[in-house]
Amino acid sequence: MTIFGFAFSALAPWLLLGAPLGAAILVWAYRYRGTANEVVISTFLLVRRLPELMTARKRFSPPPQFWLELAIVALLSLAAAGISAMQAGEKIAIVLDSSLSMLAKEPSGGTRFESAARIASADAVQRFARSRFTVFTAAASLQRASESGISGPAAALAIRGLKPTLSPDRLDSAIYSLLNDGSYDSVWVYTDKAAPEGLMSLAKLKVTSIPTDTGATRNAWIRSVSSLPAGALSVDIGVVGPAPATARLTADCFDSSGVPVREHSGKTIQLSPASPTTVQLGPIREPWSYCSVSVQGLSAGEESLLVDNEAWVTSDSAGSTIRVVSPLTPDELGLPRIQGYSFERISPEALPSLSAGAAVIFHRTAPPPELTASSLVVMPPTGPLGLSGSVGIEASGTASVTRWSSSHPLLQYLNPTLLSISRVRPLRCPELSQQILSSSAGDLVCAGEDRSGRLVVTGFEIFPFDGLLSPTVSIFTLNALKWIAQVPSTASGAVGPATLPEGATNVRYLAPSAPPPEQQGDSTFDISTPGIIAFSPQGGPAPQIRAFNIFSDEESNLSDTESLSVSLASVEPQARARAPFACAPWFALIAWLLLAIDIARRAIRASAWGAR
Amino acid sequence: MQLSPETLRLLSAFALRTRRSFYGIRQGSHRSQRRGHGMEFAEFRNYELGDNPRYIDWNLFARSDKLLVKRYLEEENVALYIVIDGSRSMTHPSLREKWDLASHISAFASFIGLANKDPVTISVLGGPHSPRFWSGKAFGPLTSFLSEATTMLVTPEAQSLNLPEEARRAATRVTFPGICLILSDFLYPLEQVISVLGAFRARNMEVHAVQVLGKTDQSLGGDLRSSGITIADSETGEVRGLSLDTESRATYAELLNEHTEKIREHCRAHRVQFTSVVADGAPADAGISALTQMGLFV
């Protein structure tokens, strides 16, 4: 599209008719004003001898004031066209943060989500009547919640019917995709996160942060639960609030048929906001299959978020041995320094014999074209990666992280900007994965999962593991190992879309009592609430169970209203691309200046309007 | 019309000067074609029966034995005819400055003439009947006549005139040839201008033509700065548009100058004194200025 074409499409073309219309009126006015000044002369004796062109008045030679007024008309027309286009054809995307933290109660009694919905509805109704809206919710993924291009009242109606989810939000990537989509003139975001100043300067993005009193917010939540040998449970508890509080931690366990065991385990603990508390329950001597762990103590009126006070855990342990395919030994990779896992170096030939659910590290080795186990691929060789991904040529020099998906578990407890990466092999992520870390050179980390397991690919070296010598890389390594190992003793999955073994049947909630999860794909199910899911594997001897929880410190820590982290470098050019509307006020300003000049000229000459 | 004392003082210093002699009506201050008993010797002629013997030059008779009679130049007054163009181009209310200037020049010339006991006749072409004023006491009635003519002519309803015919009619009323002062804008075809002037020249008069132009005549559209205007012909009422730019103004100025030069050339060839004045500013001042340009009053 040419510059002219783009500028024209950015205006309301029908209002541009004001320019020629105004010009015609001006010409008529000037001609009429000349006609109104009828001059009586003595005789036409000499006038008849003038050239016919002069007496026919076919020529129109207006004075400078005519051009001044024509410029004013044209500029006002352009300004009106621009402003009208700004308001009339504006397509607005309304994004409501529907993550877990939006369920938090406010002192007024309502939830943050209700406040956000109320503000968004009011904004949509008050907007210019011809604006068109599309409503989205952003939690684990961006979901469209209404038809495209609906009116303000219809958008308000759609917003009232929305419900929050129990998932952590992926708001950053949602905003990024909408801003770069190009289908919307503005993106309005309603969230409990803060908006950084730089982000608010983008003309097409408006972030409305729900006002919260973080100082008075109190919440206690279970950060993680793991089963220990001999039937004990390890519970990690977090708390935020103005003062220490006493809480009661209890575990209700059940056998495989769902019958509660008689032995109860409980403990009264002192919670401190300063640091998370890890409590060991049990051991429970009676055999149990799964447990429900809950923390209670803060009164219901005090606590802002209750749904994160309960967690589920299963007792079956598939072990946590991670296989390593690498030209280096585990010692050279620093793996013995990592606690909680056992590492076993294997050859690539042994891969097909691995059982489902196994985890493998491919260090500087090409993974097989089709994954059969959860894999962490570190610095794969340059070339095709499989599943349509690829690895670029290694580049030396320090690469800085420009964009990241902050809510992904791989980046938990991590500040990506502190990553110091000297050698990079830029990645093109496989289809099943998404970009987790990106730099100006390309993607640095990809992560995803499918029916065979989880996949993490890093384009930079994370070994040897040296602990505190390079803490940021070490935390990332631990997160990656934890994520691919899918430690069954903590929780086998998070609420949301979950993948069960291929051919799983009879998928149902074992606890709590809830409708069966909705199947979304061949082996993908929508796990909407935390609990124990039972299913029968294809050809398996006995039903298996898996626990699903909502472990998200980012969401449960209600006092930490972190800012959105959309990379300005990637968004701003797109936002600027649709900026010609900003010309409208300048057109109007210039028009008013010209008008002032015209008035000044008349005033200085002390002549009446229109007088000569 | 009221003349200020200052104007009257200025006018008192003027006198009518003729380029040739006429037969006068009464004794006056101008050399007459009549020979008689004046103070200045003119010629001798043979005594004829009936001549008064008192005028025989007896000294000459003694020397030459011839009876010769001495004749002297008579000094008589000169009839001053003032002809004002009363057509629409002079009397239209929008062009009134031309009429005002013409009437002021007429009044001034009349004042000077009457002060020298020259009879003054004002003839307004298309106007009221032309009276004759004989003495300085008649200046009051003369100005009243001009005012009456102004009231009669300077109205929107006035009709256009056949100027050559009106001029011939006025010329027939001339009884004593004298000085004829014609005040007109002469913005009509050259043939008509020649007819008007010829009508009075045919009466053996010393003709002075004074062209009185207005500002809109001199510069098309006057001070207007509009790009286009509508102009109306004061004579016919015809209306048409006009592109009023520098080029059209310049072309009009050339045409006016060409027309005026043709009239001037004609006047020079026929011993008619031609003067062109522009009605700009106060008519009294412009009138005094016009008198000095004419060369008729010294």
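Residues numbered from 1 in each chain as written. Chains lettered and ligands numbered in written order. Predicted model: local features only at pLDDT ≥ 70, side-chain atom pairs only at ≥ 80, totals over all residues. Heavy atoms only, no water.

Draft legend 1. A look at the overall build of chain A. Within chain A, the regular secondary structure consists of 13 helices and 33 strands. The buried share of chain A, reckoned over its 612 residues, is 48%. Contacts in chain A between residues far apart in sequence, at least 24 positions, make up 67% of those at least 6 positions apart. Summing over all exposed atoms, chain A offers an accessible surface of approximately 28,300 Å²; the carbon and sulfur share of this is 58%. (Helix = DSSP H or I, 4+ residues; strand = E, 2+ residues; numbered from the N terminus. Buried < 20%, exposed > 50% of the residue type's maximum accessible area, 1.4 Å probe, protein only. Contact = heavy atoms within 4.5 Å. Areas by Shrake-Rupley, 256 points an atom, 1.4 Å probe, with all protein chains shown as cover.)

Draft legend 2. Quick peek at the overall build of chain B. Of regular secondary structure, chain B possesses 10 helices and 11 strands. Scored against the burial criterion, the 298 residues of chain B give a buried share of 50%. Once local pairs closer than 6 in sequence are excluded, the contacts in chain B between residues at least 24 apart make up 73%. A total of about 13,800 Å² of accessible surface is found on chain B, and carbon and sulfur atoms cover 50% of it.

Draft legend 3. Molecular detail of the side chain of Thr458 of chain A. Here Thr458 of chain A lies in strand E26 (residues 453-458). According to the relative accessible area criterion, Thr458 of chain A is buried, its value standing at 0%.

Draft legend 4. View of the state of the cysteines. Residue and element names in this part refer to chain A. Summed over the entire model, instances satisfying the criterion amount to two disulfides over all chains. Paired by a disulfide, Cys253 and Cys291 hold their sulfur atoms 1.8 Å apart. Measuring the twist about the S-S bond at about 105°, one finds the Cys253-Cys291 disulfide to be right-handed. With Cys253 in strand E9 (residues 245-254) and Cys291 in strand E12 (residues 290-296), this pair connects stretches of sequence that are 38 residues apart. Each member of the pair, Cys253 as well as Cys291, carries the same accessibility label: buried. Note that Cys429 is cross-linked by a disulfide to Cys446, the S-S spacing being 1.8 Å. Across the S-S bond linking Cys429 and Cys446, the dihedral sits near -75°, which makes this disulfide left-handed. In this pair, Cys429 sits in the loop between strand E23 (427-428) and strand E24 (433-439) while Cys446 sits in strand E25 (residues 442-450), placing the two residues 17 residues apart along the sequence. We note that Cys429, like Cys446, is buried. Disulfides within chain A link the bonded cysteines, taken in sequence order, as 1-2, 3-4. (Disulfide = S-S within 2.5 Å.)

Draft legend 5. Quick peek at the sheet that holds strand E7 (residues 219-227) of chain A. All names here are of chain A. Strand order in this open sheet of three strands is E7-E8-E11, and the pairing throughout is antiparallel. Whereas interior strands pair on both sides, the edge strands pair on one side only; in this sheet they are E7 and strand E11 (277-281). Mean inter-strand twist for the sheet, computed between neighbouring axes without regard to direction, equals 25°. Relative to E11, strand E8 (residues 233-240) runs antiparallel, the two being bridged by five bridges. Each residue of the ladder has a partner; that of Leu233, found in E11, is Leu281. (Pairing = 2+ DSSP bridges. Axes fitted to C-alpha atoms, helices over the stretch in contact; angles between N-to-C directions.)

Draft legend 6. Up close: the sheet that holds strand E3 (residues 68-76) of chain B. Residue and element names in this part refer to chain B. An order of E1-E3-E2 is seen for the three strands of this open sheet, with the pairing classed as antiparallel. Where the open sheet ends on each side, the last strands, each with one partner, are strand E1 (27-36) and strand E2 (40-46). Across this sheet, the average inter-strand angle for adjacent strands is 35°, counted without regard to direction. Bridge count for E2 against E3 is six bridges, and the pairing is antiparallel. Paired with Glu40 across the strands is Leu73, a residue of E3.

Draft legend 7. Quick look at a nonpolar patch on the surface. Together, Trp586, Leu589 and Leu593 of chain A make up an exposed nonpolar region whose accessible area comes to about 340 Å². One can find Trp586 of chain A in helix H13 (residues 583-605). (Patch = residues over 30% accessible without salt bridge, like charges linked within 9 Å, V, L, I, M, F, W, Y side chains within 5 Å. Salt bridge = Lys/Arg side-chain N within 4 Å of Asp/Glu carboxyl O.)

Draft legend 8. Local environment of the packing of aromatic side chains. By the definition in use, this model includes 10 aromatic pairs over all chains. Here Phe254 of chain A and Tyr290 of chain A contribute two aromatic rings whose centre-to-centre distance is 5.2 Å and whose plane-to-plane angle is 25°, an arrangement assigned as stacked. On the criterion of sequence distance, the pair formed by Phe254 of chain A in strand E9 and Tyr290 of chain A in strand E12 is long-range, its members being 36 residues apart. Of the two residues, Phe254 of chain A and Tyr290 of chain A, neither departs from the other in class, the shared state being buried. Taken together, a centroid distance of 6.2 Å and an interplanar angle of 85° make the contact between Phe41 of chain B and Tyr72 of chain B edge-to-face. Here Tyr72 of chain B lies in strand E3 and Phe41 of chain B lies in strand E2, a separation of 31 residues in the sequence. Overall, Phe41 of chain B belongs to the partly exposed group, its relative accessible area being 37%. Cluster of aromatic residues (ring-pair linked, three or more members): Phe254, Tyr290 and Trp312 of chain A. Sitting over the face of the ring of Trp188 of chain A, Lys206 of chain A holds its NZ or CZ atom 4.0 Å from the ring centroid. (Phe/Tyr/Trp six-rings, centres within 6.5 Å; stacked < 30°, edge-to-face > 60°. Lys NZ or Arg CZ within 6 Å of the ring centre and 35° of its normal.)

Draft legend 9. Structural view of the nonpolar core. Core analysis: the biggest nonpolar cluster contains 46 residues, and Leu11, Ile82, Ile84, Ile105, Ile122 and Phe297 of chain B have the highest contact counts within it. A per-element tally of this core places helix H4 (residues 96-115) of chain B first, with 10 residues. Grouped together as the second largest cluster of nonpolar side chains are 38 residues, Phe343, Leu437, Ala480 and Leu481 of chain A included. (Core = buried A, V, L, I, M, F, W, Y, C linked by side-chain atoms within 4.5 Å.)

Draft legend 10. Inspection of the environment of Gly28 of chain B at higher detail. With respect to the element layout, Gly28 of chain B can be found in strand E1. Residues contacting Gly28 of chain B, with those up to four places away along its chain left out, are Glu75, Glu76 and Asn77 of chain B.

Draft legend 11. The arrangement of the pairing of strand E16 (residues 359-363) of chain A in detail. All names here are of chain A. Across the five residues of E16, five count as buried, placing the element largely inside the fold. Burial along E16 is two-sided: Ala359, Ile361 and His363 and Val360 and Phe362, pointing in opposite directions, are all buried. Here strand E14 (residues 321-325) pairs with E16 via four bridges, running parallel. Of the residues in E16, the one forming a bridge with Val324 is Ile361. In terms of strand pairing, E16 meets strand E17 (residues 374-378) through five bridges, oriented parallel. Residue pairing across strands places His363 opposite Val378, the latter belonging to E17.

Draft legend 12. Looking closely at helix H5 (residues 139-153) of chain B. Residues and elements named next belong to chain B. Its 15 residues give H5 an end-to-end C-alpha distance of 21 Å, which sits within 8% of 21 Å, the value for a rise of 1.5 Å per residue. Within H5 the residues assigned to the buried category are Phe139, Leu142, Thr143, Phe145, Leu146, Ala149, Thr150 and Leu153. The buried residues of H5 all sit within an arc of 155° when viewed along its axis, so they share a single face. Buried residues along H5 sit against strand E4 (80-85), helix H3 (88-91), H4, strand E5 (120-125) and strand E6 (132-133). (Expected span 1.5 Å × (residues − 1). Arc of directions from axis to C-beta.)

Draft legend 13. Just unusual backbone geometry, in detail. Residues and elements named next belong to chain A. In this chain, Phe463 is followed by Pro464 through a cis amide linkage whose omega measures 0°. Put simply, Ala511 and Pro512 share a cis peptide bond, and its omega is -10°. Looking at the element boundaries, Pro512 is found in the loop between strand E29 (505-511) and strand E30 (518-519). Non-glycine residue Tyr413 carries a positive phi angle of around 60°.

Draft legend 14. Region of the structure containing the pairing of strand E7 (residues 179-184) of chain B. All names here are of chain B. Most of E7 is tucked away: six of the six residues are buried. Across the two faces of E7 the burial is the same, with Ile179, Leu181 and Leu183 and Cys180, Ile182 and Ser184 all buried. In terms of strand pairing, E4 meets E7 through five bridges, oriented parallel. Following the sheet pairing, Leu80 is matched in E7 by Ile179. As paired strands, E7 and strand E8 (residues 206-213) are joined by six bridges and run parallel to one another.

Draft legend 15. Expanded view of helix H6 (residues 163-172) of chain B. Residue and element names in this part refer to chain B. What H6 keeps buried is the set Leu163, Pro164, Glu166, Ala167, Ala170 and Ala171. Looking down the long axis of H6, one finds its buried residues gathered within 160° of arc, a one-sided arrangement. Looking at the buried positions of H6, the neighbouring elements they touch are E4, E5 and helix H7 (190-201).

Draft legend 16. Representation of the confidence of the model for chain A within the structure. Per-residue pLDDT for chain A has a mean of 76; in total, 78% of the residues score no lower than 70. This stretch, residues 606-612 of chain A, has a pLDDT under 50; its non-local contacts, to residues over four places away or in other chains, come to 10 contacts. (pLDDT = per-residue confidence, 0-100.)

Draft legend 17. Spatial organisation of the environment of Arg169 of chain B. All names here are of chain B. Here Arg169 shows up in helix H6. Judged by relative accessible area, Arg169 falls into the partly exposed class, the value being 42%. Between the C-alpha atom of Arg169 and that of Ala199, which follows or precedes it by 30 residues, the distance is 8.7 Å. In this structure the side chain of Arg169 is engaged in a polar contact, spanning 3.3 Å, whose partner is the side chain of Glu166. (Polar contact = N/O pair within 3.5 Å; in protein donor to acceptor, adjacent residues only side chain to side chain.)

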